[in-house]
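# Breakdown of the fold
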Amino acid sequence: QLQLVESGGDLVQAGGSLRLSCAASGNIFSIDTVGWYRQAPGKQRESVASIINGGRINYTDSVKGRFTISRDNAKNTMYLQMNNLKPEDTAVYYCNVARWNGRNYWGQGTQVTVSS
């Protein structure tokens with residue numbers, strides 16, 4: 001069982017930056033897909049950024065050019081650098097690991113609030 005713990009969420013003004021971290025309790029293999037999702041009040045959870053099978057990186061259109069996903073395999077940690085934050089980025093952010101064998105793991109979420 002893999003446990004994921006997010007950190008780094010905070011209240012920030014529009015235009016500011018935050019760096020989210022997600023630490024895994026065990027190994028994240030290079031072929032696993034890792035990603036960040038978010039869920040705003042009253043909305044469905046959406047994919048924000050992902051590294052697919054350790055290679056291709058995808059971003060949702062609304063964060064392209066502002067957010068950067070990365071991973072440190074040696075530390076079993078993934079990151080989401082968020083720059084030029086906007087009020088519409090306000091949400092609970094979750095990290096996810098989709099194992100090569102089909103197992104799926106979620107963190108507990110971290111709140112990001114962007115004030116205008």
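For the structure given in this document, a descriptive report is provided here. This one's a predicted model, so the numbers in the text were calculated from it and none came from an experiment.

Conventions we followed
- Residues numbered from 1 in each chain as written.
- Predicted model: local features only at pLDDT ≥ 70, side-chain atom pairs only at ≥ 80, totals over all residues.
- Heavy atoms only, no water.
- Buried < 20%, exposed > 50% of the residue type's maximum accessible area, 1.4 Å probe, protein only.
- Helix = DSSP H or I, 4+ residues; strand = E, 2+ residues; numbered from the N terminus.
- Pairing = 2+ DSSP bridges.
- Contact = heavy atoms within 4.5 Å.
- Disulfide = S-S within 2.5 Å.
- Axes fitted to C-alpha atoms, helices over the stretch in contact; angles between N-to-C directions.
- Phe/Tyr/Trp six-rings, centres within 6.5 Å; stacked < 30°, edge-to-face > 60°.
- Lys NZ or Arg CZ within 6 Å of the ring centre and 35° of its normal.

## A short note on the pairing of strand β9 (residues 91-98)
- Burial of β9 is extensive: six of the eight residues sit out of reach of the surface.
- Looking at chain direction, strand β4 (residues 33-39) and β9 are connected through seven bridges and run antiparallel. Its bridge partner lying in β9, V34 is registered against V97.
- Of the pairings in the sheet, the one linking β9 to strand β11 (residues 110-115) comprises three bridges and is antiparallel in character. For V92, the partnering residue across the bridge sits in β11 and is Q111.
- From the end of β9 to the start of strand β10 (residues 104-106), which pair antiparallel, there are five residues, and G102 there has a positive phi angle of about 100 degrees.

## Re the environment of A98
- Along the chain, A98 turns up in strand β9.
- Taking the C-alpha atoms as reference points, A98 and P87, eleven residues apart in sequence, are found 29 Å from one another.
- Leave out the neighbours within four places in its chain, and A98 touches D32, T33, R103 and N104.

## Structural notes on the state of the cysteines
- Enumeration over the complete set of coordinates arrives at one disulfide.
- Between C22 and C95 runs a disulfide, and the two sulfur atoms are separated by 2.0 Å. Torsion about the S-S bond of the C22 and C95 cystine: about 60 degrees, corresponding to right-handed handedness. Note that C22 is positioned in strand β3 (residues 18-24) and C95 in strand β9, a separation of 73 residues in sequence. Grouping residues by exposure puts C22 and C95 together as buried.

## Quick notes on the sheet that holds β3
- Taken in spatial order, the four strands make up an open sheet running β1-β3-β8-β7, and their pairing is antiparallel. One side of each edge strand has no neighbouring strand; the edge strands of this open sheet are β1 (4-7) and β7 (67-72). Within the sheet, the average angular offset between the axes of one strand and its neighbour, ignoring direction, is 15 degrees.
- In this structure, β3 lies alongside strand β8 (residues 77-82), joined through six bridges in antiparallel fashion. For R19, the partnering residue across the bridge sits in β8 and is Q81.

## Describing the environment of S21
- The topology assignment puts S21 in strand β3.
- Judged by its relative accessible area of 18%, S21 is buried.
- Along the backbone, S21 and V34 are 13 residues apart, and their C-alpha atoms lie at a distance of 12 Å.
- Excluding residues within four positions of it along the chain, S21 makes contact with V5, E6, S7, W36, M78 and Y79.

## Observations regarding the packing of aromatic side chains
- If you walk through the whole model with that rule in mind, you get one aromatic pair.
- Ring plane angle 65 degrees and centroid distance 4.9 Å describe the contact between Y37 and W106, whose orientation is recorded as edge-to-face. Taken as a pair, Y37 in strand β4 and W106 in strand β10 lie far apart in primary sequence, 69 residues in all.
- Here Y37 falls in the partly exposed class, since its relative accessible area comes to 24%.
- Sitting above the plane of the Y94 ring, R45 keeps its charged end 3.7 Å from the centroid.
- The positively charged end of R45 is found above the aromatic ring belonging to W106, 4.6 Å away from the centroid.

Read these as spatial facts, not as claims about activity.
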